[in-house]
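Descriptive structure summary
Spelled out from the first residue to the last, the chains are:
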Amino acid sequence: MTFDLSLILSYGPELLLAAAATFGIWAAGSLAAVALGFAIALARRYGGFLVDGPLRLLVEIVRGTPFLVQLFLLYFGGPFIGLSLEPTEAGLLGLSIYGAAYFAEIFRAGLEAVPRSHVESAECLGFTRWQIVRRILVPEMTVLVLPPCVNMFIVLIKETAILSIITVPELTLVITGIGSKYYAFVEALFLLALFYWGLVELASRLGRLLEARLAKLSFAA
Amino acid sequence: MSWKLFEVLVQAAGTTAVISLVSISIGLLIGVGVCAAMMHHHPAVGRLGRVYVSFFRGAPLLVQLLLLYNLLPVIGVNLPSVVTAVIGLSLCTGAYQAENLRGGFASIPVGLVEAAEMVGFSPWQTFIRIKAPIAISLTLPAVVNEAIMILKASSLASVVGMVELTETAKNIAASTFRPLESYAAAGLLYLVLNWIVASGGRLGERLLRAGRT
């Protein structure tokens, strides 16, 4: 067999653009997932059982089914309920919902881990619910939820590769496209694996650095 | 969706369950080997184990599966897609299980090992009677978790030509032109499979706990 990376690498600009697309979808999807996940966690905590029950079921369904099936349901099933989305839109929405379910569980555990006495003290001092969330719960749980959140960000980087299956023009789709054009799959996929591996290693190192920084600020006695 | 098509899906769920079970079992063996490599006293062997874990946890499973699927024929190995899918899933889950096992061994209380040495246990006896049972019971929840991850991840085997639950749902969606029902039914079956695995795991943990006292 021949193993020649120069052919693939001659597509430098296209590859950079595709890598930027992967990065953009990941960043946007992660942000939306964190925001939605936090909203779900808060709604479950303060919304009463009529809100908690359905949200819990939703989170369990999303966490219990493969991301690929969710994407197929959204992208191919969507048009039947009036939700016709472009691949990138469907991918971004799918990634956000998928991530949100996991982040919701992380934040739920984080909120529960904040000592009751801290919340009760704040209530005694006349803090409003929003002030308690902003001044007590969020700062205290940040240190606790950081490691699982970093882990989830890394999972989401890898899940972006699955978006290629519904033809989102990110790195996996572009690189396998070039590979199939010249029948150079192995080289293309080899480079792709190296790229994700490097990105994941980088993210986990940054995460550890951040954890070390935040650990110094820990409120937990 | 007709009852007959649902039966086809249930059969496909069986295929998914079988390839997941086989992959998780082979992956456990790989995990034991890689974990042993990581804890090996020779630095080069330890490094090799860590690189294995880092790569297979770092690259997306989809990319690993595609690489394997395209690489094997090029180097002259022609296997049916079921085998390729199982090899790919096993290699990947092996890395996760190695890391879980390493975590289990790392959290064994030092005092217990020292006590065993004090009463004259040989290193092998210490391993078999103290370290291994504790590490296994500490890792069991993680193995159950991993089994659920692999059940879901096995949906990617559809991309390398394996006809399992997701691929079957796709075929039904294409032929009946009803993707909503088809994928929703597939999702439901994944939920049922996961529920079975999770219940089995809870039972196993209870049995292990009962056996310890």
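Treat the numbers as computed from the prediction; the structure is a model and nothing was measured. (Residues numbered from 1 in each chain as written. Chains lettered and ligands numbered in written order. Predicted model: local features only at pLDDT ≥ 70, side-chain atom pairs only at ≥ 80, totals over all residues.)

**A look at the overall build of chain B**
The helix and strand inventory of chain B stands at 8 helices and 0 strands. From first element to last, N terminus to C terminus, chain B shows the α and β order α-α-α-α-α-α-α-α. Once the C-alpha set of chain B is aligned to its principal axes, its extents read approximately 70 × 45 × 20 Å. A buried classification covers 38% of the 213 residues belonging to chain B. Across chain B, the fraction of contacts at a sequence separation of at least 24, relative to all contacts at a separation of at least 6, is 76%. (Helix = DSSP H or I, 4+ residues; strand = E, 2+ residues; numbered from the N terminus. Buried ≥ 20, exposed ≤ 12 C-beta atoms within 10 Å, placed from the backbone. Contact = placed C-beta atoms within 7 Å.)

**Here's the deal with unusual backbone geometry**
Its identity as a non-glycine residue notwithstanding, A:Thr167 has a phi of 60°, on the positive side. Examined against the element boundaries, A:Thr167 turns out to sit in the loop between α7 (129-159) and α8 (171-181). Positive phi values are uncommon outside glycine, yet B:Phe177 reaches one of about 60°. Among the secondary structure elements, B:Phe177 is positioned in the loop between α7 (165-176) and α8 (179-212).

**Considerations on the nonpolar core**
Most often, soluble globular proteins have nonpolar side chains that are buried together. Formed by 111 residues in total, the largest nonpolar core has its most connected members in A:Phe103, A:Ile175, A:Ala188, A:Leu192, A:Tyr196 and B:Val63. Considering every element that reaches this core, the biggest residue donor is helix α5 (residues 87-113) of chain A, with 13 residues. Ignoring anything within four residues of it in the chain, the contact list for B:Val63 reads A:Ala161, A:Thr172, A:Leu189, A:Leu192, A:Ala193 and A:Tyr196. (Core = buried A, V, L, I, M, F, W, Y, C linked by C-beta atoms within 7 Å.)

**As for helix α2 (residues 43-58) of chain B**
For an α-helix the count is 3.6 residues per turn, leaving residues at separations of three or four pointing the same way. Helix length check: α2(B) (16 residues) gives 22 Å between terminal C-alpha atoms against 22 Å at 1.5 Å per residue, within 8%. Residues of α2(B) that are buried include every one of B:Gly49, B:Val53, B:Phe56 and B:Gly58, and no others. In this structure, the buried residues of α2(B) make contact with α9 (185-215) of chain A together with α1 (3-38), α3 (61-74) and α4 (81-106) of chain B. (Expected span 1.5 Å × (residues − 1).)

**Things to note about the interface of chain A and chain B**
Chain A puts 28 residues into the contact, and the matching count from chain B is 30 residues. Of all elements in the fold, only α3 (49-64), α4 (67-77), α8 and α9 of chain A reach the threshold of two or more residues within the side of chain A that touches chain B. Ranked by residue count, the leading element in the side of chain A that touches chain B is α9(A), at 10 residues. Of the residues contributing to the side of chain A that touches chain B, the split by class is 21 nonpolar, 5 polar and 2 charged. (Nonpolar A, V, L, I, M, F, W, Y, C, P; charged D, E, K, R; others polar.)

**A closer look at the confidence of the model for chain B**
Mean pLDDT over chain B stands at 91; residues scoring 70 or higher make up 99%. This prediction of the complex comes with two scores: 0.89 for pTM and 0.88 for ipTM. (pLDDT = per-residue confidence, 0-100.)

**Some details on the packing of α4(B) against helix α6 (residues 123-153) of chain B**
Residue and element names in this part refer to chain B. Following both chains from N to C, one finds α4 and α6 inclined at 150°, their axes separated by 8 Å at the closest point. By the angle class used here, α4 and α6 are roughly antiparallel. α6 is crossed by α4, and the crossing has right-handed handedness. On α6, the residues that touch Leu89, Thr93, Tyr96, Gln97, Asn100, Leu101, Gly104 and Phe105 of α4 are Lys131, Ala135, Leu138, Thr139, Ala142, Val143, Glu146, Ile150 and Ala153. Tallied by class, residues from the contact of α4 with α6 come to 10 nonpolar, 5 polar and 2 charged. (Axes fitted to C-alpha atoms, helices over the stretch in contact; angles between N-to-C directions. Parallel < 35°, antiparallel > 145°, perpendicular 65-115°, else oblique. Left-handed = near helix turned anticlockwise from the far one by under 90°.)

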